[in-house]
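A look at the structure
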Amino acid sequence: ITEIDHSEQQKAVDAIVEEGKMNVNYSPKAVFDGKTSVLFNVKNIKNNHAPIVFSIYDEDGNCIYESKKIEQGYEMNKIELETELEKGIHDCSIKIGYAEEGNVSSVFPISIEVR
């Protein structure tokens with residue numbers, strides 16, 4: 001048993017970090033006509049490592065939408081909420097992460113206007 005050279009240790013750490021990176025691309029403001037979006041976008045850009053999924057939560061933390069997998073190079077620009085929100089502007093959150101790879105996910109604010 002020999003100790004791993006420091007430069008090899010750093011290469012291994014760098015590879016793990018690179019593998020876990022995820023580029024998030026979404027519109028922070030969405031507009032809905034009732035439950036159906038008229039302005040909405042989430043993209044999974046080609047240099048991500050795997051399909052992504054996202055969930056949208058209302059101000060009380062209730063899940064109001066869960067996506068199916070979005071493959072690299074594809075986007076989702078129309079959705080229908082599972083729960084209808086009242087007319088007005090809502091300060092919601094969106095959780096975006098890899099569908100299957102590890103546990104990389106992040107939560108971001110999203111403003112939803114319901115007309």
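Before any of the text, the structure's been laid out above.
Here's what I pulled together on the structure shown here.

Calculation criteria
- Residues numbered from 1 in each chain as written.
- Predicted model: local features only at pLDDT ≥ 70, side-chain atom pairs only at ≥ 80, totals over all residues.
- Heavy atoms only, no water.
- Helix = DSSP H or I, 4+ residues; strand = E, 2+ residues; numbered from the N terminus.
- Buried < 20%, exposed > 50% of the residue type's maximum accessible area, 1.4 Å probe, protein only.
- Contact = heavy atoms within 4.5 Å.
- Areas by Shrake-Rupley, 256 points an atom, 1.4 Å probe, with all protein chains shown as cover.
- Salt bridge = Lys/Arg side-chain N within 4 Å of Asp/Glu carboxyl O.
- Pairing = 2+ DSSP bridges.
- Axes fitted to C-alpha atoms, helices over the stretch in contact; angles between N-to-C directions.

What follows deals with the overall build of the protein. The secondary structure content of the protein amounts to one helix and nine strands. Listing each helix as α and each strand as β along the protein from the N terminus yields α-β-β-β-β-β-β-β-β-β. Here the protein holds 115 residues, and 32% of them are scored as buried. Summarising the internal contacts of the protein: among those between residues at least 6 apart in sequence, 57% fall at separations of at least 24. Total accessible area computed for the protein in this model is approximately 7,600 Å², and 47% of it derives from carbon and sulfur atoms.

Moving on: the environment of Ser27. Structurally, Ser27 can be placed in the loop between strand E1 (25-26) and strand E2 (29-33). On the accessibility criterion, Ser27 (25% relative accessible area) is partly exposed. Spatially, the C-alpha atoms of Ser27 and Asn77 are 9.6 Å apart, while their sequence positions differ by 50 residues. When neighbours within four sequence positions are excluded, Ser27 is seen to be in contact with Asn41 and Ile110.

Attention now goes to the pattern of salt bridges. For the structure shown, the criterion picks out two salt bridges. One salt bridge in this structure joins Glu100 and Lys69, with 2.2 Å as the shortest N-O distance. Linking Glu100 in the loop between strand E8 (88-98) and strand E9 (105-114) with Lys69 in the loop between strand E6 (63-66) and strand E7 (74-76), this pair joins segments that are 31 residues apart in sequence. What makes Glu100 exposed here is its relative accessible area of 51%. Taking relative accessible area as the criterion, Lys69 reaches 46% and is therefore assigned partly exposed. The residue Glu113 makes a salt bridge to Arg115 at a minimum N-O spacing of 3.8 Å.

Below, the discussion takes up the sheet that holds strand E5 (residues 52-57). Strand order across the open sheet formed by six strands is E3-E2-E9-E8-E5-E6, with mixed pairing between neighbours. Edge positions in the sheet fall to strand E3 (36-39) and E6, since each has one partner strand and no second. Looking at each pair of strands side by side, their axes are set apart by 35 degrees on average, direction ignored. As paired strands, E2 and E3 are joined by three bridges and run antiparallel to one another. Directly across from Asp33, in E3, lies its bridge partner Thr36.

In the sheet, E5 pairs with E8 via six bridges, with the strands oriented antiparallel. In the sheet register, Ile56 faces E8, and the bridge partner there is Ile94. For E8 and E9, the ladder comprises 10 bridges, and the chain directions are antiparallel. The residue bridging Ile89 from the neighbouring strand is Glu113, located in E9.

For the rest of this paragraph, the subject is the sheet that holds E7. Sheet architecture is open: three strands sit in the order E1-E4-E7, paired in antiparallel fashion. Sheet topology places E1 and E7 at the edges, where each strand pairs with a single neighbour.

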